[in-house]
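Each chain is listed here by its residues.
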Amino acid sequence: MKFYKPYKKERLMCILCQHYCKIKEGQTGICGVNKNVGDKIECLVYGYPSSINVDPIEKKPLYHFLPGTKAFSFGTVGCNFHCPFCQNWTISQTREVDTSRYFSPELMVQMAIDNDCQSIAYTYNEPTIFYPYARDIALEAKKKGLKNVFVTNGFESSEVIDDMKGIMDAANVDLKSFDAKYYKKELGGDLEKILENLKHFVANKIWTEVTTLVIPTQNDSDEELSNIAGFIANELGTDVPWHITAFHPDYKTRDLPCTSIESLDRAYEIGKKHGLHYVYKGNVAQESPTLCPNCAEVVIERDYFRNTKNYLKGSHCPKCGTAIAGVFDEQ
Ligand code: SF4
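Conventions adopted
- Residues numbered from 1 in each chain as written.
- Predicted model: local features only at pLDDT ≥ 70, side-chain atom pairs only at ≥ 80, totals over all residues.
- Pairing = 2+ DSSP bridges.
- Helix = DSSP H or I, 4+ residues; strand = E, 2+ residues; numbered from the N terminus.
- Axes fitted to C-alpha atoms, helices over the stretch in contact; angles between N-to-C directions.
- Near = placed C-beta within 6 Å.
- Nonpolar A, V, L, I, M, F, W, Y, C, P; charged D, E, K, R; others polar.
- Domains from an automatic or database assignment.
- Contact = placed C-beta atoms within 7 Å.
- Parallel < 35°, antiparallel > 145°, perpendicular 65-115°, else oblique.
- Left-handed = near helix turned anticlockwise from the far one by under 90°.
- Buried ≥ 20, exposed ≤ 12 C-beta atoms within 10 Å, placed from the backbone.
- Core = buried A, V, L, I, M, F, W, Y, C linked by C-beta atoms within 7 Å.

### As for the sheet that holds strand β12 (residues 242-246)
What the eight strands build is an open sheet, ordered β6-β7-β8-β9-β10-β11-β12-β13; its pairing is mixed. Edge positions in the sheet fall to β6 (51-56) and β13 (279-282), since each has one partner strand and no second. Along the sheet, successive strands turn relative to each other by an average axial angle of 20°, direction set aside. With six bridges connecting them, β6 and strand β7 (residues 70-75) associate as antiparallel partners. Residue pairing in the sheet places P56 in a bridge with K70 of β7.

Rendered as structure tokens:
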């Protein structure tokens, strides 16, 4: 599968993300890791993860996807955004690839199996920029019965989201703001494209959860949070979980305070007011249970990513029998 095509005047167009960079020979696109090497675009981070960990799936965060299981998680270097508050900026904002050890797709899958993981998570930096590598790992993982989860800023090309159908099982997609100017200037993205992509993920039946990092003064007004919650409820569905997570000063954004519990509580109430069934406060030391949307029974307990207890009967509330949205182990 090729994720580039010829473009006029000896350029190639990368079709991995919505930047659709038109790249001259010898140059890389905006992400810094996809390079025109003459007859093709080479993904320079293919085979070279920058960090690998075994994480609880809850840490992605995915709360309605195989709860209590482990995700073999990795990222590379590079990113197609330049968010000033990036919490992984040491890998996302560098372009220096450590090529000292090659990790083939087969090796990555074997490591996941050896570590008792039920899924592979493409995460830490933006995985769209290394989709050719992620895709090969994901196809190998499928053969071995593992699931695949994509943790993304939502700026994929539509070609990539279509290709993910049947390959990626779940996605956590950031919706960082509802302000088009802020997305463009501060982050290097495009709000409209991200909203379209969110709908595309859901339409392609990839289990989708949405995350908003709530940043004091940047995106935490009632109006903006309300716009985000309203979009999720009206365009994606009230069963799509919304994670509202706390910011801490990092990278170039060190002059703002941490998100207060009061702000997260306010965001939570806004989400509930819009009819969202599942709203979760994250990055705070608090329990974050899943409640049955019908009878409010606790169906999954969590304690800051650990000690997940699942009371579901298959995928149903044990008390009233209501189906809980998500992907659950039916045993
Ligand atoms: S992945 Fe996106 S940013 Fe990187 S070269 Fe391709 S189109 Fe450009």
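Structure's up, so let's keep going.
### Focus: the site of the ligand
Near the ligand the following residues occur: C14, L16, C17, H19, Y20, C21, G29, I30, C31, N34, N80 and I129. Across the shell around the ligand, the residue classes tally to eight nonpolar, four polar and no charged.

### With respect to the domain arrangement of the protein
Domain parsing of the protein yields domain 1 (4-43), domain 2 (51-285) and domain 3 (287-326). A straight line from the C-alpha centre of domain 2 to that of domain 3 covers 22 Å. Across the boundary between the two partners, domain 2 contributes 15 residues, which contact 12 residues of domain 3. Considered class by class, the residues forming the side of domain 2 that touches domain 3 number eight nonpolar, three polar and four charged.

### Description of the packing of helix α6 (residues 191-203) against helix α7 (residues 222-236)
The interhelical angle for the contact between α6 and α7, taken along N-to-C directions, is 40°, at an axis separation of 11 Å. Put simply, α6 runs oblique to α7. Viewed along their axes, α6 and α7 form a crossing whose handedness is right-handed. Residues L195, L198, K199 and V202 of α6 touch α7, and the partners they reach there are F231, E235 and L236. Considered class by class, the residues forming the contact of α6 with α7 number five nonpolar, no polar and two charged.

### A word on the environment of I137
With respect to the helices, strands and loops of the structure, I137 is situated in helix α3 (residues 131-143). Assessed through the 26 C-beta atoms surrounding it within 10 Å, I137 is described here as buried. With 89 residues separating them in the primary sequence, I137 and S226 have C-alpha atoms 38 Å apart. Dropping the residues within four chain positions of it, I137 is found in contact with P105, M108, V109 and I120.

### Section: the sheet that holds strand β1 (residues 4-7)
The antiparallel open sheet is built from three strands, whose spatial order is β1-β2-β3. The open sheet has two edge strands, β1 and β3 (22-24), and neither has a second partner. The mean inter-strand angle of the sheet, taken between neighbouring strand axes irrespective of direction, is 40°. Note: β1 against strand β2 (residues 11-14), four bridges, orientation antiparallel. Bridging from a neighbouring strand, Y7 pairs with R11 of β2.

### Focus: unusual backbone geometry
The step from K60 to P61 runs through a cis peptide bond, and the omega angle for that step is -10°. Considering the arrangement of structural elements, one finds P61 in the loop between β6 and β7. At N283, a residue that is not glycine, the phi angle is positive and equals roughly 65°. Relative to the helices and strands, N283 is located in the loop between β13 and β14 (290-291). Using a count of 19 C-beta atoms within 10 Å as the deciding quantity, one classes N283 as partly exposed.

### Overview of the nonpolar core
Membership of the largest hydrophobic core comes to 84 residues, with the highest contact counts inside it found for C14, I120 and V149. Element by element, the count of residues in this core is highest for α3, at six residues. Looking at this core, you find at least three residues from each of domain 1 (4-43) and domain 2 (51-285). Those residues in contact with V149 that lie beyond four places of it in its chain are K60, L62, F65, A71, S119, A121, D169, A170 and A171. The next biggest cluster of nonpolar side chains, apart from the first, holds five residues, and it includes C292, V299, C317 and I324.

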